[in-house]
Amino acid sequence: MRIYHGSNMMVDAPKTDFGRKNLDFGCGFYVTKLENQASKWAFAVAERKGPNSPAFLNEYEFDYEAAVSQFHILHFESYNLDWLEYVVACRRGESVWKDYDMIEGGIANDNVIDTVEDYENGRITAEQALDQLRFKKPNHQICITNQYVINLCLQFVKHRVLEEKV
């Protein structure tokens with residue numbers, strides 16, 4: 001499976017313990033099978049780093065079947081209650097991600113973040129949040145939390161500098 005990682009640098013040797021904490025699926029190396037989505041991440045990261053920071057799209061070949069057969073994987077098919085509670089727990093800094101080697105599912109992006117935050121802050125109930133989320137089509141992300149998954153299943157293919165925003 002071809003997967004992508006957007007960054008402000010080439011990432012030919014990914015690490016699971018590098019980067020921000022309290023993200024959707026906890027601490028880990030984030031990738032997606034959606035090239036356009038990774039490109040948008042690259043521009044967002046580059047913008048945060050400064051006006052002259054480049055945007056890189058890193059490509060990898062991922063032996064998904066080997067990962068699924070050898071490691072403890074959590075997969076969310078949709079924006080459901082399990083996904084919502086998991087994302088909120090991770091964003092609060094709870095280490096629920098440590099139970100898994102890899103987590104896959106939708107992103108709490110601009111399309112759904114207001115709903116997630118309203119639920120997290122008690123402004124709406126889980127039922128109300130799920131009612132709003134059921135109309136949203138999930139994007140895709142994989143958070144690899146175990147370095148052995150990267151070492152055994154992920155192969156860097158190439159990188160390219162992105163020239164214009166997507």
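About the thresholds
Residues numbered from 1 in each chain as written. Predicted model: local features only at pLDDT ≥ 70, side-chain atom pairs only at ≥ 80, totals over all residues. Heavy atoms only, no water. Helix = DSSP H or I, 4+ residues; strand = E, 2+ residues; numbered from the N terminus. Rg over C-alpha atoms; globule rule 2.2 N^0.38 Å. Buried < 20%, exposed > 50% of the residue type's maximum accessible area, 1.4 Å probe, protein only. Contact = heavy atoms within 4.5 Å. Lys, Arg positive; Asp, Glu negative; His and termini not counted. Charge placed at Lys NZ, Arg CZ, Asp CG, Glu CD. Core = buried A, V, L, I, M, F, W, Y, C linked by side-chain atoms within 4.5 Å. Pairing = 2+ DSSP bridges. Right-handed = clockwise from strand over helix to strand, strands pointing away.

Broken down by element type, the protein chain carries six helices and seven strands. Overall, the protein chain shows an N-to-C arrangement of helices and strands of β-β-α-β-α-β-α-β-α-α-β-α-β. Here the C-alpha atoms of the protein chain give a radius of gyration of 16 Å, agreeing with the 15 Å that 2.2 N^0.38 yields for 166 residues. The principal-axis extents of the C-alpha atoms in the protein chain amount to approximately 45 × 40 × 25 Å. Counting across all 166 residues of the protein chain, residues that qualify as buried make up 48%. Partitioning the intrachain contacts of the protein chain with sequence separation of at least 6 by distance along the chain shows that 83% fall at a separation of at least 24. For the protein chain, the distance from the average site of its 18 positive side-chain charges to the average site of its 25 negative ones is 5 Å.

As a rule of thumb, nonpolar side chains are buried together in soluble globular proteins. Core analysis: the biggest nonpolar cluster contains 25 residues, and Phe 25, Trp 83, Leu 84, Tyr 86, Ile 103 and Val 116 have the highest contact counts within it. Contributions of two or more residues to this core are made by α3 (81-91), α4 (113-120) and α5 (126-133). The element contributing the most residues to this core is α3, with six residues. In contact with Ile 103, other than residues within four places in its own chain, are Phe 25, Leu 74, Phe 76, Tyr 86, Trp 97, Gln 141, Ile 142, Cys 143 and Thr 145. By size, the runner-up hydrophobic cluster in this structure holds 17 residues, among which are Tyr 64, Ala 67, Ile 150 and Cys 153.

Moving on to the pairing of strand β5 (residues 102-105). Because side chains alternate across β5, one face comprises the buried residues Met 102 and Glu 104, and the other comprises Ile 103 and Gly 105, equally buried. Inspection of the sheet shows strand β4 (residues 73-75) paired to β5 by three bridges, in the parallel sense. What sits directly across from Leu 74, in β5, is Ile 103. Assessed by its sense of winding, the connection that carries the chain from β4 through α3 to β5 is right-handed. Sheet topology places β5 next to strand β6 (residues 141-144); four bridges connect them, and they run antiparallel. The residue of β6 that forms the bridge with Gly 105 is Gln 141.

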